[in-house]
Amino acid sequence: MLLWYRSAVYFFIINMKETENNPEKRSKPSETVIHIKGLKKSFGSNDVLKNINLDVKRGENVVILGKSGTGKSVTIQCIVGTLVPDGGEVTVFGEEVAGLKERQLKELRMKIGFLFQSGALFDSMTVRENLEFPLTRVLKLKDQNDIDKRVEEVLENVGLSDAIDKMPSDLSGGMRKRVGLARTLIVKPEIMLYDEPTTGLDPITSREISELILQMQKKYKTTSIIITHDMECAGITADRMVIMKDGEYTAQGSFEDLKKSKDEFVKSFFKPTL
Amino acid sequence: MADQAILGWKKWLEGSGDQVIFLKGFFRNVLRGGFEWSEFVRQCYEIGYKSLTLVGTTAFIMGLVLALQLRPTLVNFGALSMLPKSLAVSIVREIGPIITAMICAGKIGSGIGAELGSMKVTEQIDAMEVSGANPVQYLVVTRILSTTFMVPILTLLGDVLGLLGGFIAINITSSVSAMLYFNKCLASIDFTDFLPAFIKTIFFGFVIGFVGCYKGYNSNRGTESVGLAANSAVVTASLWIFVIDAIVVQVSSLLFYH
């Protein structure tokens, strides 16, 4: 009886660990992984976020759209815990971010990938060292063969196997974004936060990056929040879009739904630019 | 006017509080474990080895100039034989540590301030933080400990090269054997000359690393802030070096020279 019980517990623990590390086994589509309720944030007298409410389900790609300075980046910084909200709550995987201790926050951040606008590559390190950094410092991997295998695999996924020994200064803007994406994906995060992933890129590279985001989302089964001004990127990547105005969400729906909206502010995003 | 003064004091107090929190973070990370040995060694190479030429040349010239300047005065008093002793005591006690620390504040302090400032501006520090890595352990602890470790070593080298400069200067105008000169130098220095000077270089190294890291790590967004971080790291570290020097000299006078 005791043996049976121990085997059952062992099987349960192994299964839990496999589910955590294997993107194929993560999918529970209806589960809400990010829950934001009444989020408020001010900087001095500037009320950036007034009342943000958002639920993101597992596996969903949510695009946040809005003019510059409306608090889109502030929202995702509150999710990852680099900014503390003035009011409201941000819950990720059922845990309120503001109430987490340092160690708990670190554990939560290991499940979240954050792609910065600039790629934020460590410019004193080669591409290989950039990719090894989260493996050795966050996942604490020791086996060099395992590290090399992961680095080569993720670089192949973003189509940059040849750039492995290059310095960030030798890479183009698009390549830097790809390496930045590879560095966040290498730890197999469950949530990806993209801060304007196509800003500063030419239209062809922007499209490539947007398609890469979608491919990686399917491959790694991530839940994503994408902040962008790029309507093509939004069209390619969004399952759902929310539009921000004056620190609040004014509209949400699919790309096609919002394209048909009668609201002048929403319509202004879909006007063709020359 | 009074409002501005209050605001200035408030800002100064907030800054001081931030520095104390930063210092606490440094010590907490030192004690926590997970020390980045490879980065520490790299920083020792960058900070120490790459400063050898600058520190060595400056110390050599300072020793040479000091000997040339001292010589006429000592000749007037008929105390030329005191030249090696005067050189040794002034270089080991004061000129070696101060010159090395000032050079390091300029070269290393500004370098650390600019490097971390630019990492902050380009979101590299944020990227480390949100990935779950520990940027303080990787960037701050290694840099502060390597300056604390390397500045005393650079000072020792500076002392030796300063004395060598003095020897060359003496041999320009007269002829003294190296054996005699260095024997007289070493005989005139004792433990109470060397120890306080060595201890203060440890503090100099710490303050250069700490100020550089603090200014760089807390720089604002924008390229201008990188320059400001570098500049203010040099100015603040230089000021602290003189303050520490004054304190250590006072304390060592009370302990050893009475």
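Residues numbered from 1 in each chain as written. Chains lettered and ligands numbered in written order. Predicted model: local features only at pLDDT ≥ 70, side-chain atom pairs only at ≥ 80, totals over all residues.

Draft legend 1. Up close: the pairing of strand S6 (residues 112–115) of chain A. Residue and element names in this part refer to chain A. Alternating positions in S6 separate into two faces, Ile112 and Phe114 on one and Gly113 and Leu115 on the other, with burial throughout. With four bridges connecting them, S6 and strand S7 (residues 191–195) associate as parallel partners. By the bridge assignment, Gly113 is partnered in S7 with Met192. (Buried ≥ 20, exposed ≤ 12 C-beta atoms within 10 Å, placed from the backbone. Helix = DSSP H or I, 4+ residues; strand = E, 2+ residues; numbered from the N terminus. Pairing = 2+ DSSP bridges.)

Draft legend 2. Structural context of unusual backbone geometry. Residue and element names in this part refer to chain A. You will see that Lys140, though not glycine, has its phi angle at about 55 degrees, which is positive. Mapped onto the elements, Lys140 comes out in the loop between helix H4 (127–137) and helix H5 (144–157). Its 8 C-beta neighbours within 10 Å are what place Lys140 among the exposed residues. Residues other than glycine seldom take positive phi values, yet Asp246 does so here, at roughly 50 degrees. Among the secondary structure elements, Asp246 is positioned in the loop between strand S9 (240–245) and strand S10 (248–253). On the neighbour-count criterion, Asp246 (14 C-beta atoms within 10 Å) is partly exposed.

Draft legend 3. Seen up close, the interface of chain B and chain A. Residue-level contacts link eleven residues of chain B with 14 residues of chain A. With five residues, helix H5 (residues 124–130) of chain B is the single largest residue contributor to the side of chain B that touches chain A. The class makeup of the residues in the side of chain B that touches chain A is four nonpolar, four polar and three charged. (Contact = placed C-beta atoms within 7 Å. Nonpolar A, V, L, I, M, F, W, Y, C, P; charged D, E, K, R; others polar.)

Draft legend 4. Region of interest: the environment of A:Leu160. Mapped onto the elements, A:Leu160 comes out in the loop between H5 and helix H6 (173–185). Taking C-alpha positions, A:Leu160 is 28 Å from A:Val80, a pair spaced 80 residues apart along the chain.

Draft legend 5. Layout of the packing of H4(A) against H6(A). Residues and elements named next belong to chain A. Between H4 and H6, the least distance of the axes is 8 Å, while the angle of their chain directions is 25 degrees. One way to sum up the angle between H4 and H6 is to call them roughly parallel. H4 and H6 meet at a crossing whose hand is right-handed. Contact residues: H4 offers Val127, Asn130, Leu131 and Pro134, while H6 offers Val179, Ala182 and Arg183. Within the contact of H4 with H6, the residues separate by chemical class into five nonpolar, one polar and one charged. (Axes fitted to C-alpha atoms, helices over the stretch in contact; angles between N-to-C directions. Parallel < 35°, antiparallel > 145°, perpendicular 65-115°, else oblique. Left-handed = near helix turned anticlockwise from the far one by under 90°.)

Draft legend 6. Focus on the confidence of the model for chain A. Per-residue pLDDT for chain A averages 84, and the proportion of residues at 70 or more is 88%. Counting interchain partners and residues more than four positions distant, the pLDDT-below-50 stretch residues 11–21 of chain A has four contacts. (pLDDT = per-residue confidence, 0-100.)

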